[in-house]
Structures are given as structure tokens and as C-alpha cells.
Amino acid sequence: MIRLEDVSLVFGDGTPDRVEALSHVSLSVEQGEFVTIIGSNGAGKSSLFNAISGLHPPTSGRVERNEVDITQWPEHRRAAFIGRVFQDPLMGTAGNMSVQDNLTIASYKGMKRLRISLTKTRKVELRDLLAQLDMGLEDRMTDNVGLLSGGQRQALTMLMMVLSSPDLVLLDEHTAALDPRNAAKVLELTRRFYDLYDLTVMMVTHNMAMAIEYGSRLLMMDRGEVILSVDGEEKRSLTVDGLVQRFHDIRGADLSNDESRLA
């Protein structure tokens, strides 16, 4: 579905502040995969998502979707088939609009059909969808989203993402800003939606245990490179200590204090 070929992303090239956020990354993600991505701050995880989503087109290399070159496609054009959920629960919803209006916009990917689409039948459908979240939002459909908690907004964002029918879902540490209870709820929804809607998912996390538990393939990034890719039985048999040792074996160094957050 998505293929990166020798992708690099450089900021400040030719200046003392030059940063190579991605360094010659080649990667393929097939339809139906659930890929978890781990790495410390600055490893290149969000930069990888930026290159895929079109927020920051690669400095060099090639990005393909279903064998079509989309390297120069802008972010808004790729948004037609890529859904992205960010760490900040406020980013995925319009806080000054109601819950039902947010869902309708996601369903039709725009404002044009908003009012005519909110029929009685559609409201019942949206209520049933909200009930799946088990957060009481089915009784708050006319409330402004700005009145919801962070966990409720992130769960609503996940539902909106599903309704937009993306080919690929990018989850950028989407539970990091939530308290443990809401984080667990959103992760449970992530797994449920992946199974129910046959999604293709890439999920960034700092948490090694989470990366091992979720998904069908695990990638480890460091200094803009993908240094490890495991799937199948090899992934199922991984442990946190084993991953730390793999990092040491590959890089010839121990994890720094910052990188200890991976565990």
C-alpha cells in the first residue's frame, strides 16, 4: 500500500543547524498490517509520518501509494486516503462544533452536505456509533466538543477517523497525553477498530511493552534510520529486555536516560 524508497528528510541543509530527520529510509507497509514504531525523542518517528502524510515532503527519495508516485503530493491531497491521530486530543476535532457535526464532517470529508445529512435516520446511526465508545457521548450529541474531556475527544477522533474510510491510519503517540484509564480505553478502541474495519495501521509509541503487545510488525528507529524490523513469531517472543539488548547489539551502545522511556 505505502512504499518509501531511500527517503531522506533534511532541515537546514547547508547551515550549522543542519538536521537529518530521516536518513535513507526504505520501507513497505502492506494492506491490513498493524505496524508499531518505537524510538527515543529525535529518532525520526514523527518525521516518518510527516514524510508519509505530506506535511514535510522528502528532501530525496520516493513515496508510493499502490505503485503510484505521491512524493510531491501535498498533505491535503493525501488526506483523502490517510488518517492521522496526533498526541494532542484537541487537534483531531473542532471544539466549537457539536459532537454530531464533527462526526458528519468526517463522514463526508467536508462541510458541503453537513446540514442536509443530519436526518433523523442519520442521527440514530451516529448515536449507535457513539454508544460503541462506552463514554456516554451518545447522550451528548448536540454538546460542543470543547466541553468533552481529553479522553473523550481522542476517542471521538478515532471514530471520526474510521468514518472517513482511510486506506492508512497514522497514530502518532495518540495516547501519550491521556491519563492511564483513558489511554487504556483508546488503545482498546484502536484494536477493536483495526479488527472491525480492516484498517492498515502505523502506530508510534515510546512504550516498548505496548509496541510488543500491539500490532503484527515492530520497527525500531534511531537517528533517522529504521534499525530493526520484526514480525511473526519473532515479534511474539520479544521482551522489553530483549529489545534493549537488540538495540545494544545493533548500535554498540546502551540506551541513554532519555531512551530509557522506551521501557
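Relevant structure appears above.
Residues numbered from 1 in each chain as written. Predicted model: local features only at pLDDT ≥ 70, side-chain atom pairs only at ≥ 80, totals over all residues. Heavy atoms only, no water.

Draft legend 1. Layout of the pattern of salt bridges. Taken as a whole and assessed by the stated rule, the structure comprises 20 salt bridges. A salt bridge links E5 to R3; the nearest nitrogen and oxygen atoms lie 3.1 Å apart. Of the charged contacts in the structure, one is a salt bridge between R192 and E188, with a shortest N-O distance of 3.0 Å. With R192 and E188 both in helix α7 (residues 180-197), this residue pair falls four residues apart, about one helical turn. Shared partners join several salt bridges into a network, and the residues in it are R3, E5, R62, E64 and D69. (Salt bridge = Lys/Arg side-chain N within 4 Å of Asp/Glu carboxyl O. Helix = DSSP H or I, 4+ residues; strand = E, 2+ residues; numbered from the N terminus.)

Draft legend 2. Here's a closer look at unusual backbone geometry. A positive phi is found at S165, a non-glycine position, where the angle reads about 55°. Mapped onto the fold, S165 is located in the loop between α6 (150-163) and β7 (168-172). S165 sits in the exposed class, given a relative accessible area of 54%. A positive phi is found at R223, a non-glycine position, where the angle reads about 50°. Summarising the element assignment, R223 is placed in the loop between β9 (217-222) and β10 (225-231). (Buried < 20%, exposed > 50% of the residue type's maximum accessible area, 1.4 Å probe, protein only.)

Draft legend 3. Focus on helix α1 (residues 45-53). Extensive coverage of α1 is indicated by the burial of eight of its nine residues. Those residues of α1 not exposed but buried are K45, S47, L48, F49, N50, A51, I52 and S53. Positive backbone phi, approximately 95°, marks G54, located one or two places after α1.

Draft legend 4. Region of the structure containing the packing of helix α3 (residues 99-108) against α6. One can describe the packing of α3 onto α6 by two numbers: an axis separation of 7 Å at closest approach and a directional angle of 30°. As the angle between them shows, α3 and α6 are arranged roughly parallel. Relative to α6, the crossing made by α3 is right-handed. Contact residues: V99, N102, L103, A106 and S107 in α3; L156, L159, M160 and L163 in α6. Residues of the contact of α3 with α6, tallied by class, amount to seven nonpolar, two polar and no charged. (Axes fitted to C-alpha atoms, helices over the stretch in contact; angles between N-to-C directions. Parallel < 35°, antiparallel > 145°, perpendicular 65-115°, else oblique. Left-handed = near helix turned anticlockwise from the far one by under 90°. Contact = heavy atoms within 4.5 Å. Nonpolar A, V, L, I, M, F, W, Y, C, P; charged D, E, K, R; others polar.)

Draft legend 5. Main features of the sheet that holds strand β6 (residues 82-85). Across the sheet, six strands lie side by side as β6-β7-β8-β3-β9-β10; this open sheet has mixed pairing. Only two strands of the sheet have a single partner each, and these edge strands are β6 and β10. If you compare each strand with its neighbour and ignore which way they point, the axes differ by 15° on average. As judged from the four bridges shared by strand β3 (residues 34-38) and strand β8 (residues 201-204), these two strands associate in the parallel manner. Paired with I37 across the bridge in β8 is V204. Running at roughly 150° to β7, α1 makes contact with β3, β6, β7, β8 and β9 of the sheet. (Pairing = 2+ DSSP bridges.)

Draft legend 6. Region of interest: the sheet that holds strand β2 (residues 19-29). One open sheet accounts for four strands, arranged β2-β1-β4-β5; its pairing is antiparallel. What marks the edges here is a single partner per strand, and that holds for β2 and β5 (68-69). Examined bridge by bridge, strand β4 (residues 60-65) and β5 share two bridges and lie antiparallel to one another. Opposite E64, over in β5, you have D69 as the bridge partner. Against the sheet, α1 touches β1 (2-11), β2 and β4, its axis set at about 65° to β2.

Draft legend 7. Structural view of the packing of α6 against α7. At a closest axis distance of 9 Å, the pairing of α6 and α7 adopts a crossing angle of 10°. Taken as axis vectors, α6 and α7 run roughly parallel relative to one another. Contact residues: G151, Q154, A155, M158, L159 and V162 in α6; N182, V186, L189, T190, F193 and Y197 in α7.

Draft legend 8. Region of interest: the nonpolar core. Counting 37 residues, the largest nonpolar core has L103, L130, L133, L156, F193, V201 and M203 as the members making the most contacts within it. Of all the elements in the fold, those that place two or more residues in this core are α3, α5 (120-131), α6, β7, α7 and β8. When residues of this core are assigned to their parent elements, the largest contribution, eight residues, is made by α6. Setting aside its immediate chain neighbours within four residues, L133 contacts A155, L156, L159, K185, L189 and F193. Counting 28 residues, the second-largest nonpolar core is a separate cluster that includes I2, I37, F81 and I82. (Core = buried A, V, L, I, M, F, W, Y, C linked by side-chain atoms within 4.5 Å.)

The values are spatial; any link to function lies outside them.
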